[in-house]
Amino acid sequence: MDDALAERVVKKLGALGASYAEARIEDVSYEYFVMRNGNLDAADASRATGIGMRALVDGALSFASLDRLTPDAADAQAVRCVRLAGAAARRAKRKIKLCNEKAHVATVSVEEKTKLSGVSREEKLELLKELDGSVPKGVKVPGRYLYMQIMKSEKLFVSSDGARIR
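Described in the following lines is the structure provided in the data block.

Rules used in this analysis
Residues numbered from 1 in each chain as written. Predicted model: local features only at pLDDT ≥ 70, side-chain atom pairs only at ≥ 80, totals over all residues. Heavy atoms only, no water. 1 Å grid on protein atoms, 1.4 Å probe; cavity = no way out; pocket = protein on both sides within 12 Å on 5 of 7 lines; lining within 4 Å. Points joined across faces, edges and corners; volume = space filled by probe spheres on them. Helix = DSSP H or I, 4+ residues; strand = E, 2+ residues; numbered from the N terminus. Nonpolar A, V, L, I, M, F, W, Y, C, P; charged D, E, K, R; others polar. Pairing = 2+ DSSP bridges. Contact = heavy atoms within 4.5 Å. Axes fitted to C-alpha atoms, helices over the stretch in contact; angles between N-to-C directions. Core = buried A, V, L, I, M, F, W, Y, C linked by side-chain atoms within 4.5 Å. Buried < 20%, exposed > 50% of the residue type's maximum accessible area, 1.4 Å probe, protein only.

When its volume is computed, the largest pocket comes out at roughly 780 Å³. Along the walls of the largest pocket sit 24 residues, with Val 110, Met 151, Lys 152, Ser 153 and Glu 154 positioned nearest its centre. At the level of secondary structure, the elements contributing two or more residues to the lining of the largest pocket comprise strand E1 (20-36) and strand E5 (145-159). With eight residues, the top contributor of residues to the lining of the largest pocket is E5. Among the residues forming the lining of the largest pocket, the class breakdown is nine nonpolar, six polar and nine charged. Counted as a void, the second largest pocket has a volume near 230 Å³.

Read across the sheet, six strands follow the order E3-E2-E1-E5-E6-E4 without closing on themselves; strand pairing throughout is mixed. Bordering the open sheet on either side are strand E3 (60-66) and strand E4 (105-106), each of which pairs with just one other strand. Pairing between E5 and strand E6 (residues 164-165): two bridges, direction antiparallel. Looking across to E6, one finds that Phe 157 is bridged to Ile 165. The strands that helix H3 (residues 121-132) touches are E1, strand E2 (39-57) and E5; relative to E1, the one it contacts most, it runs at about 60°.

Here we come to unusual backbone geometry. At Asn 37, a residue that is not glycine, the phi angle is positive and equals roughly 50°. Looking at the secondary structure, you find Asn 37 in the loop between E1 and E2. With phi around 50°, Asp 58 is a residue other than glycine that occupies positive phi space. Relative to the elements of secondary structure, Asp 58 occurs in the loop between E2 and E3.

The next subject is the nonpolar core. Residues Val 9, Leu 13, Ile 51, Met 53 and Ala 55 are the most contacted members of the largest nonpolar core, which totals 23 residues. For this core, the secondary-structure elements that each account for two or more residues are helix H1 (3-15), E1, E2, E3, helix H2 (71-91) and E5. Here this core gets six residues from one element, more than from any other, and that element is H2. Here Ala 55 is in contact with Leu 13, Ala 18, Tyr 20, Ala 60, Leu 61, Ser 62, Cys 81, Val 82 and Ala 85, once residues within four sequence places are set aside. The next biggest cluster of nonpolar side chains, apart from the first, holds six residues, and it includes Phe 33, Met 35, Leu 125 and Ile 150.

Structure below.
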């Protein structure tokens, strides 16, 4: 997780004229399996990383995001984000005002009882086969479709008012 990039985006948005700015970096890993009528139909694993940013300019809020986590790409997107907010401010009939909520600093995690990264692909497929075989004998099921998705997500939120949540 690139803390420095999140901080950079917030500072850049502020330097460009945002009275409030935030950056959210998210890194998500997915793994899924599809079993149809007792046979593995599809399986895949992927990872997605990106950054989203919001800027409040003259009472208008904008959002921009990108999936290239480089300083140059983030700076360019920050410029677009502030321009969007400025354009929205010129057309807005009402100004957005954020609440005066105290900024929070926290790290929150959910510990797995069983580390899923330590469970083999074969064990995951065996669980699906076991579930597929649990249909009671004599019960007619025209089609069985099982789906398993495993997702791990890490997020970082940084704002110009001092919030920092991981």
